[in-house]
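# Chains, contacts and geometry: an overview
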Amino acid sequence: MMIYIGPMPLRPERFFAAIAHPLRLRAALLLQAQGELCVCELTHVLKARQPVVSRHLGQLRKSGLVTSRRDGTWIHYRLADDLPPWARNVLGETGAAEREHPKDLRALASMNNRPEHTCRGESMARPYRLLFLCTGNSCRSQMAEGWARHLGSQTFEVLSAGIEAHGKNPRA
């Protein structure tokens, strides 16, 4: 009986199964060419919704091809440091052939506001809408709106409204 402790070595069948899907292959090639990318960058380039991209990246991580690190609410991916040389060679040769038609690299270069430390790129989904509704919109909802704008300026589009027009309280 053999007991193996530690990460499973990457076998060719696991490697090729992981990159068999076109989206996972494109993501792996982008990571090979760029080093580390955020989910928002990959979402922009791959033209897929964030949950879809994250699911495929999770499969690449589970197979041992990529690793991830969290930075706030965003996750950055890179090729695994312990990726065997033969796997790096396959990705390198495939990437070299792909660079003859560099649409993914052009799309990445054209991304406005590419993140450096935090992700605020244009590929992010619209901010959540947060509405404070009160009977008159004169005080409580106004104060809640002000605090929400202050605390979640990039995450939320904040509005307040009232059922009846009472006029605004000057102290709000």
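None of the values given here were measured: they were computed from a predicted structure. (Residues numbered from 1 in each chain as written. Predicted model: local features only at pLDDT ≥ 70, side-chain atom pairs only at ≥ 80, totals over all residues. Heavy atoms only, no water.)

### Considering the overall build of the protein
So the rule is basically this: Note on conventions: DSSP H or I runs of at least 4 residues are helices, E runs of at least 2 residues are strands, and numbering of each starts at the N terminus. Accessible area is worked out with a 1.4 Å probe on protein chains only. A residue is then buried under 20% of its type maximum, exposed over 50%, and partly exposed in between. Residues are treated as being in contact if the distance between any of their heavy atoms lies within 4.5 Å. Per-residue and other accessible areas follow the Shrake-Rupley method at a 1.4 Å probe size, with only the shown protein chains counted as cover for residues.
Broken down by element type, the protein carries seven helices and five strands. In the protein, the order of α-helices and β-strands from amino to carboxyl end is α-α-β-α-α-β-β-α-α-β-α-β. For the protein, the residues scored as buried account for 34% of the 172 residues in total. Here the contacts in the protein between residues at least 6 apart in sequence split such that 65% fall between residues at least 24 apart. Roughly 11,300 Å² of accessible area belongs to the protein as shown, and the carbon and sulfur atoms make up 55% of that amount.

### Some details on the packing of helix H2 (residues 22-34) against helix H4 (residues 50-63)
Put simply, the rule is: An axis is simply a line fitted to the C-alpha atoms; with a helix, the fit covers only the stretch in contact. Between two such axes, the angle follows the N-to-C directions and lies from 0 to 180 degrees. Comment on the angle field: the value is read as roughly parallel under 35 degrees, roughly antiparallel over 145, roughly perpendicular from 65 to 115, and oblique elsewhere. Under the grouping applied here, Gly and all other residues not named as nonpolar or charged are polar, the nonpolar ones being Ala, Val, Leu, Ile, Met, Phe, Trp, Tyr, Cys and Pro and the charged ones Asp, Glu, Lys and Arg.
Between H2 and H4, the shortest axis-to-axis distance is 10 Å and the interhelical angle comes to 75 degrees. By the angle class used here, H2 and H4 are roughly perpendicular. Residue-level inspection shows Leu-23, Arg-24, Ala-27 and Ala-28 of H2 in contact with H4, the latter providing Val-52, His-56, Leu-57, Gln-59 and Leu-60. Looking at side-chain class alone, the contact of H2 with H4 contains six nonpolar, two polar and one charged residues.

### As for the packing of aromatic side chains
Heads up, the condition is: Classification of ring pairs rests on two measures: the distance between centres of Phe, Tyr or Trp rings, Trp counted by its six-membered ring, which must be within 6.5 Å, and the angle between planes, read as stacked under 30 degrees, edge-to-face over 60 and tilted in between.
On inspection of all chains with the given rule, the structure shows three aromatic pairs. Judged by centre distance (5.0 Å) and plane angle (80 degrees), the ring pair of Phe-15 and Phe-16 falls under edge-to-face. Judged by its relative accessible area of 0%, Phe-15 falls in the buried class. The partly exposed category is assigned to Phe-16, whose relative accessible area is 42%. Relative to Trp-86, the ring of Phe-15 has its centre 5.2 Å away and its plane inclined at 80 degrees; by these criteria the two rings are edge-to-face. A residue pair is termed long-range when its members are at least 10 positions apart, and Phe-15 in helix H1 (residues 12-18) and Trp-86 in helix H5 (residues 85-98) qualify at 71 residues.

### Quick look at the nonpolar core
What counts here: Throughout, nonpolar core names a set of buried Ala, Val, Leu, Ile, Met, Phe, Trp, Tyr and Cys residues whose side chains join them through atoms within 4.5 Å.
Leu-42, Leu-57 and Leu-65 are the most contacted members of the largest nonpolar core, which totals 28 residues. With six residues, H2 is the largest single contributor of residues to this core. Setting aside chain neighbours within four positions, we find Leu-65 in contact with Leu-10, Phe-15, Ala-18, Ile-19, Leu-60, Arg-78, Leu-79, Ala-80 and Leu-83.

### Details of H2
Note on helix geometry: an α-helix contains 3.6 residues per turn, so any two residues three or four positions apart are oriented the same way. For clarity, the threshold we go by: Each residue after the first adds 1.5 Å to the expected span of a helix.
Here H2 is 13 residues long and its end C-alpha atoms lie 18 Å apart, about the 18 Å a rise of 1.5 Å per residue gives. Here H2 has its buried residues at Leu-23, Arg-24, Ala-27, Ala-28, Leu-29, Leu-30 and Leu-31. Backbone geometry just after H2 places Gly-35 at a positive phi near 90 degrees.

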